[in-house]
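Structure assessment
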Amino acid sequence: MPDRYGDPEPSNEPPSIHDPRCNRGWLGEDYDGRRIPCLTCKPHLTHRAP
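The paragraphs below set out a description of the structure included in this document. (Residues numbered from 1 in each chain as written. Predicted model: local features only at pLDDT ≥ 70, side-chain atom pairs only at ≥ 80, totals over all residues. Heavy atoms only, no water.)

**Here's the deal with the overall build of the protein chain**
For clarity, the threshold we go by: Starting at the N terminus, helices and strands are each numbered in turn, a helix being any DSSP run of H or I of at least four residues and a strand any DSSP run of E of at least two. Any residue under 20% of the maximum accessible area for its type is buried, any over 50% is exposed, and the rest in between are partly exposed; the area is computed with a 1.4 Å probe on protein chains only. Note on contacts: a residue pair is in contact if any heavy atoms of the two residues lie within 4.5 Å. Accessible surface area values rest on a Shrake-Rupley calculation with a 1.4 Å probe, where residue burial reflects the displayed protein chains alone.
A tally of regular secondary structure across the protein chain gives zero helices and two strands. Counting over 50 residues, the protein chain shows a buried share of 8%. Sequence separation of at least 24 residues holds for 0% of the intrachain contacts in the protein chain that already meet a minimum separation of 6. As presented, the protein chain carries roughly 5100 Å² of accessible surface, and 53% of it is formed by carbon and sulfur atoms.

Here is the structure:
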């Protein structure tokens, strides 16, 4: 909700760090032509070691 001057109230959440190269969830391609996922947009693609 804006304050009495019309300015938005500051948020307590930290700013989101997002790669500016992201294009619809992808960061481009590697040298072999494989697409590189943006892990902010596609967190299900992160590698988890057992």
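From this point on, the discussion continues.
**Brief notes about the pairing of strand β1 (residues 26-29)**
Keep this limit in mind: Any two strands between which DSSP finds at least two bridges are classified as paired.
One ladder, built from two bridges, connects β1 with strand β2 (residues 35-37); its direction is antiparallel. By the bridge assignment for β2, Trp 26 is matched with Pro 37. In this structure, the hairpin formed by β1 and β2 is closed by a connection of five residues, where Gly 33 is found at a positive phi of approximately 85 degrees.

**Examining the side chain of Lys 42**
For clarity, the threshold we go by: Note on charges: Lys and Arg go in the positive column, Asp and Glu in the negative column, and His and the chain ends are not counted at all. Put simply, a salt bridge is a Lys or Arg side-chain nitrogen that is within 4 Å of an Asp or Glu carboxyl oxygen.
Here Lys 42 is to be found in the segment after β2. Lacking a salt bridge, the buried Lys 42 has Glu 29 as its closest oppositely charged neighbour, with an N-O distance of 14 Å. Ignoring any residue separated from it by four or fewer positions in sequence, one finds Lys 42 in contact with Arg 24, Gly 25, Trp 26 and Pro 37.

**Here's the deal with the pattern of salt bridges**
For the structure on display, the rule yields three salt bridges. The closest approach of N and O atoms between Asp 19 and Arg 21, which form a salt bridge, is 2.8 Å. By relative accessible area, which is 54% here, Arg 21 ends up exposed. In this structure, Asp 30 and Arg 34 form a salt bridge, with 2.9 Å as the shortest nitrogen-oxygen distance. By sharing partners, the salt bridges in this structure join Asp 30, Asp 32 and Arg 34 into a single network.

**Considerations on unusual backbone geometry**
We note that Arg 24 has phi near 55 degrees; this positive angle belongs to a residue other than glycine. On the secondary structure map, Arg 24 appears in the segment before β1. Residue Arg 24 is classed as exposed on the basis of its relative accessible area, which comes to 78%.

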